[in-house]
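# Coordinates in review
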Amino acid sequence: MDVVKAVETYITKMVSTPPSMKVLLLDNHTTPIVSLSATQSILLSHQVYLTDKIDNKKRDRMPHMKCVCFLQPSEDSFEALAAELREPKYGEYYLYFSNILSKTAIERLADVDEYEVVREVQEYFADYAPILSSLFSLNHTPSASRPLYGNSPNTWDPAALERAVQGVTAVLLSLKKKPVIRYEKSSPMAKKLGVEIQHRVQSEQQLFDFRLTQVPPLLLILDRRNDPVTPMLSQWTYQAMVHELLGIQNGRVDLSTVPDIRPELKEVTLSTSTDPFFQAHHLATFGDLGTALKSYVQSYQSHSLAHSPSQIQSITDMKRFVEEYPEFRKLGGNVSKHVAIVGELSRLVERDKMLELGEVEQGLATGSGADLKSVQALITNPAIQPWHKLRLVVLYALRYQKSQAQNVASLINLMLENGVSREDARLVYVVLNIAGSDQRQEDLFSAEALLAKGRSALKGLKGVENVYMQHTPHLAQTLENLFKGRLRDTTHPFLDGAGPNAGLQRPGDVIIFMVGGTTYAEARVVALLNQEATSGGPSAAAGTRLLLGGTCIHNSSSFLDMVRTAASNFPASVYEPPPGSANSMPSLNLNLGGVNVSLGGPAPGVYRTSGEGVSLQTEGIKDGVRNLLGKVKQGVDRIASQP
């Protein structure tokens, strides 16, 4: 269930025929899919000497060249292709579409091919962005022009629904899976998507005629609204931090606003398939990342000494230098890239007081002890950006919606006095009305949920026991319930046709799709569970392969932007305090066990304390991270200054 390999296979097949010099034409939809799956050197190795957009009218006419087109079967792409075929610029055309072609679309292509230059038409189901081997996105980040929701939080925008059906269908076809479908019962959008996918599968029986497995794969459709906490938290693992603080768009990171950045580093790529350091450490926590980066820099330093002029004293040395120099240059570029990124993350963490914020956020998310005073102190701190104050109040409101409604109101007034605009502040009520306790299927903050996390998820996922990563996404609990046969039909029913014993069978392949977007934190949960399943040891996930996808990959800003955009089409009551929010509920103060974190020194790592309380050595963490990153930066600056 590796989506990166699935898409790479499609693209390799595409550019392999014909075996001669060719042009690759893409549209706006397929361009990021190809850029995530194939490097320029791979395309060149298959004699692709020019890559361009199908709607670019200024391309030169080159009748001696063959043309491979990879397009989405959308109206815009058909129009651009029709214009191209009426006046062909190349000798032959090989047409590949990223999803199912209708009979009328094929007839339309035949009509416009007056010069009979089309040699091949095929469907290659690479209609999604493969971010990681176990993570895909439909690249539908909601906006005013491309909304996700209709006129209520329970309805789809028709175009968004069709795009989601096409994307998930393409994933199933590319992996050759014909699944049974379960959905979150509280989500009409999840049910609607499931019904439409099932209808598409049934209407395309020939395409879905795969070899039957003893237990069919499972497509589990969840709703972002059932866990609004995960996308709102600060992130402390490499890939998630980069997305939260800098933004990752189709594997690219914009560093142009970084102070004193070198020109060649203004935009960099982060891909696990082409970057060995990122592959090894994209799930690493910020502290572990600093240690790994220090070792990476030292490795580069030893390589640079080996390639210094004083070391070249014979013909053999010269030959070795010429052979190894390209790899050495590549290593140098990669070291510079990661040092630039981690240096900027470190600067932003320092500037925005993220370590102080992270402590309080984790306390709110897990119930391990953040109180009103600590939230008020951060809101009144002028060094904290208004954006982070808003995030903090949203988290507090989600946590204490029922039990401390008066405090929520006072915090909203306090942030209005401390730099947060009225337009932003009303998002607190919007989030509560869309994804508050009355809208969610399970209570994220109940005593049972917290105790369950303490019992299982924190112990089960290696590398999670860290003061800044006490929170585990709700998805982890859902998957654990699935593995142990505790995911009830009352909360996650099957669609009709699953069979009488479907709930008793444990699926070998599970595809999770998150309506409203997933996160890198959830992708990390899935990746770690997949690692456990293949490690051979005892694990709840043993024998199960997981794949996670979503309409997009959220960070906190894109999640709140989605909420803001959606609310503009909802009834005006969405901006008012949610009904019944003053109902009292006993306050819970649960500790999930003592945590002691040590960074740097003779034994860096994370340890459980034996004491009764929670021992959080946060000052030590802060100093450790700063010292480590400071040393890394000094080392790189030293190398850069060497002639």
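Conventions used here
Residues numbered from 1 in each chain as written. Predicted model: local features only at pLDDT ≥ 70, side-chain atom pairs only at ≥ 80, totals over all residues. Heavy atoms only, no water. pLDDT = per-residue confidence, 0-100. Contact = heavy atoms within 4.5 Å. Core = buried A, V, L, I, M, F, W, Y, C linked by side-chain atoms within 4.5 Å. Buried < 20%, exposed > 50% of the residue type's maximum accessible area, 1.4 Å probe, protein only. Patch = residues over 30% accessible without salt bridge, like charges linked within 9 Å, V, L, I, M, F, W, Y side chains within 5 Å. Areas by Shrake-Rupley, 256 points an atom, 1.4 Å probe, with all protein chains shown as cover. Salt bridge = Lys/Arg side-chain N within 4 Å of Asp/Glu carboxyl O. Helix = DSSP H or I, 4+ residues; strand = E, 2+ residues; numbered from the N terminus. Pairing = 2+ DSSP bridges. Axes fitted to C-alpha atoms, helices over the stretch in contact; angles between N-to-C directions. Phe/Tyr/Trp six-rings, centres within 6.5 Å; stacked < 30°, edge-to-face > 60°. Right-handed = clockwise from strand over helix to strand, strands pointing away.

## Quick word on the confidence of the model for the protein
Residues at a pLDDT of 70 or more form 80% of the protein, whose mean pLDDT is 82. For the stretch residues 447-465, pLDDT sits under 50, and the model shows 48 contacts to residues farther than four places along the chain or on other chains. Counted against residues more than four places away or in other chains, residues 582-621, with its pLDDT under 50, gives 76 contacts.

## Notes on the nonpolar core
The nonpolar side chains of a soluble globular protein tend to be buried, and buried together. Core analysis: the biggest nonpolar cluster contains 163 residues, and Leu193 and Ile197 have the highest contact counts within it. Apart from residues no more than four positions distant in its own chain, Ile197 is found in contact with Val165, Val168, Leu172, Ile181, Leu219 and Ile221.

## Some thoughts on a nonpolar patch on the surface
The grouping of Met21, Leu44 and Tyr49 at the surface amounts to a nonpolar patch, some 290 Å² of accessible area in total. Residue position: Leu44 is located in helix H3 (residues 40-45).

## Some details on the sheet that holds strand S4 (residues 90-97)
Taken in spatial order, the 5 strands of this open sheet run S2-S1-S3-S4-S5, and their pairing is parallel. Only two strands of the sheet have a single neighbouring strand rather than two, namely strand S2 (48-53) and strand S5 (118-123). The average angle at which neighbouring strand axes cross in this sheet is 20 degrees, direction not considered. When S4 meets S5, the two strands line up parallel, connected through 5 bridges. Counted as the bridge partner of Tyr94 is Glu120 from S5. Here helix H2 (residues 30-37) sits on the sheet in contact with strand S1 (22-26), S2 and strand S3 (62-71), set at roughly 125 degrees to S1.

## What about the environment of Gln505?
Residue position: Gln505 is located in the loop between helix H19 (474-483) and strand S13 (509-515). Given the relative accessible area of 36%, Gln505 is considered partly exposed. Distance from Gln505 to Gly485, taken between C-alpha atoms, is 8.2 Å for residues 20 residues apart in sequence. Leave out the neighbours within four places in its chain, and Gln505 touches Gln214, Val215 and Pro216.

## Topic: the pattern of salt bridges
What the rule picks out here adds up to 21 salt bridges. The salt bridge involving Asp227 is made with Arg224; its shortest N-O contact spans 3.6 Å. Of the two residues, Asp227 and Arg224, both sit in the buried class. For Glu267, the salt bridge goes to Arg252, with nearest N and O atoms at 3.4 Å. Separated by 15 residues along the polypeptide, Glu267 in strand S12 (residues 267-269) and Arg252 in strand S11 (residues 252-254) bring together distant segments of the chain. A residue is classified by how much of its surface remains accessible, and Arg252, at 38% relative accessible area, is partly exposed. Because the salt bridges share partners, they merge into one network encompassing Glu423, Asp424, Asp561 and Arg564.

## With respect to the packing of aromatic side chains
Taken as a whole, this structure holds 12 aromatic pairs when the rule is applied. Considering the side-chain rings of Tyr90 and Tyr93, the 6.0 Å spacing of their centres and the 55 degrees angle between planes classify their relative orientation as tilted. No difference in accessibility class separates Tyr90 from Tyr93, as the two residues are buried. Each ring, one from Tyr238 and one from Phe278, has its centre 5.7 Å from the other, and the planes form 75 degrees; the classification is edge-to-face. Taken together, the residues Tyr238 in helix H8 (residues 238-245) and Phe278 in helix H9 (residues 276-281) connect sequence positions 40 residues apart.

## A few points about H19
The buried fraction of H19 amounts to 10 of the 10 residues, a majority that puts the element mostly inside the structure. Backbone geometry just downstream of H19 places Gly485 in the positive-phi region, at approximately 70 degrees.

## Brief notes about the pairing of strand S8 (residues 180-183)
On S8, burial covers both faces: Val180 and Arg182 on one face and Ile181 and Tyr183 on the other are all buried. Bridge count between S8 and strand S9 (residues 218-223): 4 bridges; the pairing is parallel. Within S9, the position partnered with Ile181 by the bridge is Leu219. With helix H7 (residues 188-203) bridging S8 and the parallel S9, this β-α-β connection has left-handed handedness.

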